[in-house]
Number of protein chains: 2
Amino acid sequence: MAHTEAVTPEALIAAMGARARSAARTLATLDSSVKAAGLRAAATAIRRDAAAILAANAQDMADATALSTALRDRLLLDEKRLEGMAAGVEAVAALPDPVGRVIDASERPNGLRLSRVRVPIGVIGIVYESRPNVTADAAALTVMSGNAAILRGGSEAMNSNRAIHRAFAAGLATAGLPADAVQLVPTQDRAAVGAMLAADGVLDLVIPRGGKGLVARVQADARVPVLAHLDGNNHVYVDGSANPAMAQAVVIDAKLRRTGVCGAMETLLIDRAFAQPVELVQALQAAGCEVRGDPVEASIGPIVASVSDADWDTEYLDAIAAVALVDGVEEALAHIARHGSHHTDAIVTEDAVVAERFLAEVDSAIVLWNASTQFADGGEFGLGAEIGIATGRLHARGPVALEGLTTYKWIGRGTGQVRG
Amino acid sequence: MAHTEAVTPEALIAAMGARARSAARTLATLDSSVKAAGLRAAATAIRRDAAAILAANAQDMADATALSTALRDRLLLDEKRLEGMAAGVEAVAALPDPVGRVIDASERPNGLRLSRVRVPIGVIGIVYESRPNVTADAAALTVMSGNAAILRGGSEAMNSNRAIHRAFAAGLATAGLPADAVQLVPTQDRAAVGAMLAADGVLDLVIPRGGKGLVARVQADARVPVLAHLDGNNHVYVDGSANPAMAQAVVIDAKLRRTGVCGAMETLLIDRAFAQPVELVQALQAAGCEVRGDPVEASIGPIVASVSDADWDTEYLDAIAAVALVDGVEEALAHIARHGSHHTDAIVTEDAVVAERFLAEVDSAIVLWNASTQFADGGEFGLGAEIGIATGRLHARGPVALEGLTTYKWIGRGTGQVRG
């Protein structure tokens, strides 16, 4: 802008939204090859501008002395991470484009030919925290699915995000994509997030990427639909008929492969009929996990901490597991129905009837039989990437990738049919 | 309840929601045949209780002297309408059940077999106005799709709704379905609607059925996802290459077959290159339609009323059409983008290239080529029934029937896979 009049956050988001809507109209009709070429050009621009991006990141790191080591590590970019970012954008460009895909088609008795066809959602807001790579990841998935993106990153990564966005947008422009396909909110004023969340009809969807505080705020305040998960309070139920060795392997992987991911197991439910509960708990402890249980659970092993009611609802995101003995699948289902967060739950059993009952009755986005909950991931599901995991009940559940960023419309081709 | 303590609307909805959630868990696992048997038993009960339902309706009619003739007609039940209601419930029972349908399936390189399977949404609130048949229609669609319903009808139909609900629930119980599968909010306190709209996590979805005032209130106040359409400001664009006879037939049907339905045409866009604009406008007028246009449009016929800017955004729901001359499909697309309500828009043309551009670029739930907008209807689309038409961008668009009342979950079947 030529002069520096105060712009309210609402006016800012409305203006960005109008430009995004215009860009979205263009993006919706682009061939897959054009969108892919745009993303490849964006990846090239990120590599080309590596020095500027790393310098911007160094500035953020210098300003971020108050952050914890973990947060500083999330913020940090180096040449390897930058190359990973560029390669990630190229990987999205190589994914099959869902736009235009025919979901189903029919010919009505009157000759009207109907089809349901995938179309982009429109304008998608992404609100995220300290990881600057989200700028490129989210932009790539949004553009490849034919949507316009309005990005709002964390203030601690402001300089990095601006540099990445500048490169990304320049790359898209090289390939002839609309300049407003990906916009970065230029202010760190928190009111801008509020304006995004209130912008019903301007933004079609908001996706929060970050910690529970961010997601909770977005879910509480949004008037715009939100795709997200708040908790991953995931369970593994080890049935009486489970193979003990498989149970150990699945439980240890589900809890400890990475403890900070949303697909990690938080509560272990063990059937009283299971043959080796002591060995299972001890194996978990030997692998470095604190196991919390009631006195009744203590009978099966040296459980060091007692469990409180709150534990059943706690997502530790740490090397801690709550354990409960249950009477078979019935009680396991009741426990999960009461305490689960509808994210990912697993059963280990050799009994197919019990397994199918668990798969049918557990009301979660992802339900697994004889596999680790840590598979809750778009890449592991063959989606190529993910913008996040959703635990809401509408539109898209579980890992959300390109298809989850589309909707559909009905197209009818007639020969003059009237309803008469 | 044994005594008559005051219950707040919030507590009432929370208690009904908890019972509905429990019923929904059972409904989600029922065989299609069991749900269908429940609906057939409900239809039988409606027929059996015809005298009681008609007596309740007579009471409503006696209380409704202040209502308009149109509203009284909507409220009125007679034996024929009651039989239509029962037959409608049986028709839903005969529809294919979407629950359990596999959307897609794959086997990952590690042997994990993944599938996405349709499951019910959960607990669905329906808020509706004077037509008592919605009690049975909405209940049938909700139960057949495996969901629990919380119904809140209009106060003018209170006695009718209670009698229909009593019969419906008794029928379901006969067939062994949960008693709380379909609940009717027992109070006409308007705060109960507010409590439903605020009950995020208790209700999974709210569907308003009624006039624009009701839908607008629900959309404005809801913290729960809403499936609805506010406006059906639909366009027919008659392209230069249109067959004039087909254009007349489609336009007259789109506008006048029924003027009060959401799929009716409201604005007619005529290409300046179209050969017979005068004949088209005159045919519409001869069929009883008031045609509003600018002076420039008046050059093509005896347009009686001038058009104001507001007309382009007005859903007349009457024998009135706004007409605009446009320069080809480009200007038609721009007009629809600016004034459309994303419901149903149609093009009449013999030019397939122009048609495909229109079908691709018009951002509406339903886009038609050489067919009347009045086909916007679940029955006409082969869905067997509809709970409504949605113009939102997420989850379901256009006519929403059984499939639109489901969501999906991911099911993975492994052999001990860990992510490692």
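As the structure is a prediction and not an experimental result, all values here were calculated from the model.

> In this structure, what is going on with the overall build of chain A? I would like to understand it.
Secondary structure assignment for chain A yields 14 helices and 16 strands. Against the compact-globule benchmark of 22 Å for 420 residues, chain A has a radius of gyration of 24 Å, which places it among compact chains. Considered along the principal axes of its C-alpha atoms, chain A spans approximately 75 × 70 × 35 Å. The buried share among the 420 residues of chain A stands at 55%. Put simply, of all contacts in chain A between residues at least 6 apart along the chain, 73% involve residues at least 24 apart.

> Quick question: what am I supposed to make of the interface of chain A and chain B here?
For interface size, the figure often reported is the accessible area lost on association. Taken residue by residue, the interface counts 53 residues in chain A and 53 residues in chain B. Breaking the side of chain A that touches chain B down by element, the ones donating at least two residues are helix H10 (244–256), helix H14 (352–361), strand S13 (366–371) and strand S16 (406–417) of chain A. Among the elements that line the side of chain A that touches chain B, the one with the most residues is S16 of chain A, at eleven residues. For the side of chain A that touches chain B, a count of residues per class yields 24 nonpolar, 17 polar and twelve charged. Summarising the sheet, S13 of chain A and strand S16 (residues 406–417) of chain B pair through five bridges and their orientation is parallel. Paired with Val367 of chain A across the two strands is Ile411 of chain B, which belongs to S16 of chain B.

> What's the story with helix H8 (residues 191–198) of chain B in this structure? I'm lost.
Within the sequence span of H8 of chain B, burial applies to Ala192, Val193, Ala195, Met196 and Leu197 of chain B. Buried-residue contacts for H8 of chain B involve helix H1 (9–27), strand S3 (123–128), strand S4 (148–152), strand S6 (205–209) and helix H9 (212–221) of chain B.

> When you look at the relation of the copies chain A and chain B in this model, what are you seeing that I'm missing?
The relation between the two chain copies is a rotation about an axis coupled with a shift along that axis. Least-squares fitting of chain A to chain B yields an RMSD of 0.0 Å, with the superposition described by an axial translation of 0.0 Å and a rotation of 180 degrees. One copy is carried onto the other by what is essentially a two-fold rotation axis. Judged by C-alpha distance, His395 of chain A is the residue of chain A that lies nearest the rotation axis, at 1.9 Å. Take the interface residues of chain A: 100% of them recur as interface residues in chain B, which is what a same-surface contact looks like.

> What exactly am I supposed to notice about the pairing of strand S2 (residues 113–120) of chain A here?
Residues in a regular strand point their side chains to alternate faces of the sheet. In this sheet, S2 of chain A lies alongside strand S1 (residues 102–107) of chain A in antiparallel orientation, the contact comprising five bridges. The residue bridging Ala105 of chain A from the neighbouring strand is Ser115 of chain A, located in S2 of chain A.

> What should I look at first to understand the domain arrangement of chain A in this one?
Domains assigned within chain A are domain 1 (9–227 + 399–411) and domain 2 (234–380). Just the C-alpha atoms count here: the centres of domain 1 of chain A and domain 2 of chain A sit 35 Å apart.

> Hey, could you run me through the packing of helix H1 (residues 9–28) of chain A against helix H8 (residues 191–198) of chain A in this one?
For any two helices packed against each other, the geometry is given by the interaxial angle and the distance between the axes. Residue and element names in this part refer to chain A. The N-to-C vectors of H1 and H8 enclose an angle of 55 degrees; their axes lie 8 Å apart at closest approach. In this view, H1 runs oblique relative to H8, as classed from their interaxial angle. When you trace H1 past H8, the crossing you get is right-handed. Contacts from Pro9, Glu10, Leu12 and Ile13 in H1 reach Ala191, Ala192, Gly194, Ala195 and Met196 in H8. Across the contact of H1 with H8, the residue classes tally to seven nonpolar, one polar and one charged.

> What's the story with the pairing of strand S8 (residues 265–271) of chain A in this structure? I'm lost.
Residues and elements named next belong to chain A. Taken across its seven residues, S8 has seven buried, putting it largely inside the fold. Summarising the sheet, strand S7 (residues 234–238) and S8 pair through five bridges and their orientation is parallel. Bridge pairing in S8 links Val238 to Ile270. A crossover connection joins S7 to the parallel S8 through H10; in handedness this β-α-β unit is right-handed. In this structure, S8 lies alongside strand S11 (residues 320–326), joined through five bridges in parallel fashion. What sits directly across from Leu269, in S11, is Ala324.

> Sorry, what's going on with unusual backbone geometry here?
With the exception of glycine, the majority of residues adopt a negative phi angle, and the majority of peptide bonds are in the trans configuration. Backbone geometry at His395 of chain A places phi at a positive 70 degrees, although glycine is not the residue there. Take His395 of chain A: it is sitting in the loop between strand S14 (388–390) and strand S15 (398–400). Phi angles above zero are rare outside glycine, and Leu317 of chain B is one such case at about 50 degrees. For Leu317 of chain B, the location among the structural elements is in the loop between strand S10 (305–306) and strand S11 (320–326). According to the C-beta neighbour criterion, Leu317 of chain B is partly exposed, with 17 such atoms within 10 Å.

Basis of the calculations
- Residues numbered from 1 in each chain as written.
- Chains lettered and ligands numbered in written order.
- Predicted model: local features only at pLDDT ≥ 70, side-chain atom pairs only at ≥ 80, totals over all residues.
- Helix = DSSP H or I, 4+ residues; strand = E, 2+ residues; numbered from the N terminus.
- Rg over C-alpha atoms; globule rule 2.2 N^0.38 Å.
- Buried ≥ 20, exposed ≤ 12 C-beta atoms within 10 Å, placed from the backbone.
- Contact = placed C-beta atoms within 7 Å.
- Nonpolar A, V, L, I, M, F, W, Y, C, P; charged D, E, K, R; others polar.
- Pairing = 2+ DSSP bridges.
- Least-squares fit on C-alpha atoms with pLDDT ≥ 70 in both.
- Domains from an automatic or database assignment.
- Axes fitted to C-alpha atoms, helices over the stretch in contact; angles between N-to-C directions.
- Parallel < 35°, antiparallel > 145°, perpendicular 65-115°, else oblique.
- Left-handed = near helix turned anticlockwise from the far one by under 90°.
- Right-handed = clockwise from strand over helix to strand, strands pointing away.

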